[in-house]
Structure formats: C-alpha cells, structure tokens
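Below are the chains, spelled out letter by letter.
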Amino acid sequence: MGKLLKYEFRKTRNLKLIIIVIACLFEALFLVGLLHGNPVKYDMNRSLIFGSMGLVFTTALGLMIIAIYSTMILYKDLNTKQSYMLFLTPHSSWEILGAKVIENTVSFFVMIAFFALLAIIDLKAAGTISPDITLRAFLSAFDLDSLRVLDIVRLCVISLLELLSFTLAAFSAVIIQATLFN
C-alpha cells in the first residue's frame, strides 16, 4: 500500500506545487501591501486587497481543482489503453482504489493545513500592525459578535467533509461508468 500511495502522490505533485506557488505569490502581495500601506485605509491599498482576495480564491479553487484532478486521473486510469497495466500489479483493485481515496483525503488535509497556516500568519501580521482595526474589520466583515474558535474549526471540518463526499461520489460515478458503460 505504501508504494501505491507514493505513486499516487507523485502523480498529483505538480498540480499541488502550482497551487502552493500561486498561494505564496498572493501571500507575498498581501504582506507587501500590509507593510507598505496605511492599515486604516484598506480601500486605498490595492495590493493588500488583491492579495487577500487572491488567497481566498486560491484556497477555494485550489481544493476544488485537486478534487477534480483526482477524479480525472481515476477516469484516465480506468479508461485508457494502458489502464490494464495498473490492475496487473500484485495489488487488489480495492487497494488501488483505496490508495487513490487516501491520497485525495491526505491531500485535502495537507492543503487545508497549509491555507490555515497562511490565514494565521495573515491575521497575526495584520493584528501586529493595527490590532484594533484588524479585529473590528474581521468581526464586521463576517457580522460575528461572538466569534469562537470552535465554530470556525467546526465549519472548516464540515466543509472538508462535504468536499470529500462530493469527491467520493465522483469517484463512484467514474467507477460505475468504467465498469458498466464500457
């Protein structure tokens, strides 16, 4: 199973690296805007706004792209001419599909941890520069008067589980298509 997981991680490595590089570029843009701008006038600092919106979109779209890419790889593995080579290995079909699902789940958790780390860095940096304004802007943007960390963690876990369930539904659709309709 370890060799199968290593193989699956190697197949999706480039896409994840591209997403991480894009997120790091937006992070650098955000930090440059935060350091060189006036924290009181957020509307006047374009690099700060562009960096933060880029990070939000990179987070959401990056996770969706990973899910779609994993599904596309499974489709290619099951429907191309060289796909029979995958199932000639000494591993069972369940091990191969399990490695794909485990790789996808671990990728989601790692990417969520990466983006959560970036969010913590951004909030700490913004809080260091202007603690009062950052907290008020964060609370007023989301209309949260009683912000609890447990609620945010619960929301992130639920979102991750929903994304995983959609990905697993897509995996089963690809498997059904490959077995019944070919």
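In this report, we go over the structure that sits alongside the text. (Residues numbered from 1 in each chain as written. Predicted model: local features only at pLDDT ≥ 70, side-chain atom pairs only at ≥ 80, totals over all residues. Heavy atoms only, no water.)

Further remarks concern the overall build of the protein. For the protein, the count of helices and strands is six helices and zero strands. Listed N to C, the secondary structure of the protein is α-α-α-α-α-α in terms of helices and strands. Each of the 182 residues in the protein was classed as buried or not, and the buried ones make up 30%. For the protein, the accessible surface area stands at approximately 11,900 Å², while carbon and sulfur atoms represent 73% of it. (Helix = DSSP H or I, 4+ residues; strand = E, 2+ residues; numbered from the N terminus. Buried < 20%, exposed > 50% of the residue type's maximum accessible area, 1.4 Å probe, protein only. Areas by Shrake-Rupley, 256 points an atom, 1.4 Å probe, with all protein chains shown as cover.)

A few words on the packing of aromatic side chains. One pass over the full model with this rule turns up one aromatic pair. Taking 5.3 Å as the distance between ring centres and 65 degrees as the angle between the ring planes, the aromatic pair formed by Phe 114 and Phe 115 counts as edge-to-face. With respect to class, Phe 114 is no different from Phe 115; both count as buried. (Phe/Tyr/Trp six-rings, centres within 6.5 Å; stacked < 30°, edge-to-face > 60°.)

A surface patch of nonpolar side chains, amounting to about 840 Å² of accessible area, comprises Ile 49, Met 53, Val 56, Phe 57, Leu 61, Met 64, Ile 65, Ile 68 and Met 72. As for its placement among the helices and strands, Phe 57 is situated in helix H2 (residues 46-79). (Patch = residues over 30% accessible without salt bridge, like charges linked within 9 Å, V, L, I, M, F, W, Y side chains within 5 Å. Salt bridge = Lys/Arg side-chain N within 4 Å of Asp/Glu carboxyl O.)

Tallying each qualifying case throughout the model produces five salt bridges. A salt bridge links Lys 11 to Glu 8, with the shortest nitrogen-to-oxygen separation between them at 3.6 Å. Here the residue Lys 11 and the residue Glu 8 both occupy positions in helix H1 (residues 2-36), the gap between them amounting to three residues, near one helical turn. We classify Lys 11 as partly exposed; its relative accessible area is 21%. By relative accessible area, Glu 8 is classed as buried at 5%.

This paragraph deals with a positive patch on the surface. A cluster of like positive charges, contributed by Lys 3, Lys 6, Arg 10 and Arg 13, occupies part of the molecular surface. Tracing the sequence through the fold places Lys 6 in helix H1. (Lys, Arg positive; Asp, Glu negative; His and termini not counted. Charge placed at Lys NZ, Arg CZ, Asp CG, Glu CD.)

Structurally, Thr 12 is set in helix H1. Setting aside residues no more than four positions away along its own chain, Thr 12 makes contact with Tyr 69, Ile 73 and Glu 103. (Contact = heavy atoms within 4.5 Å.)

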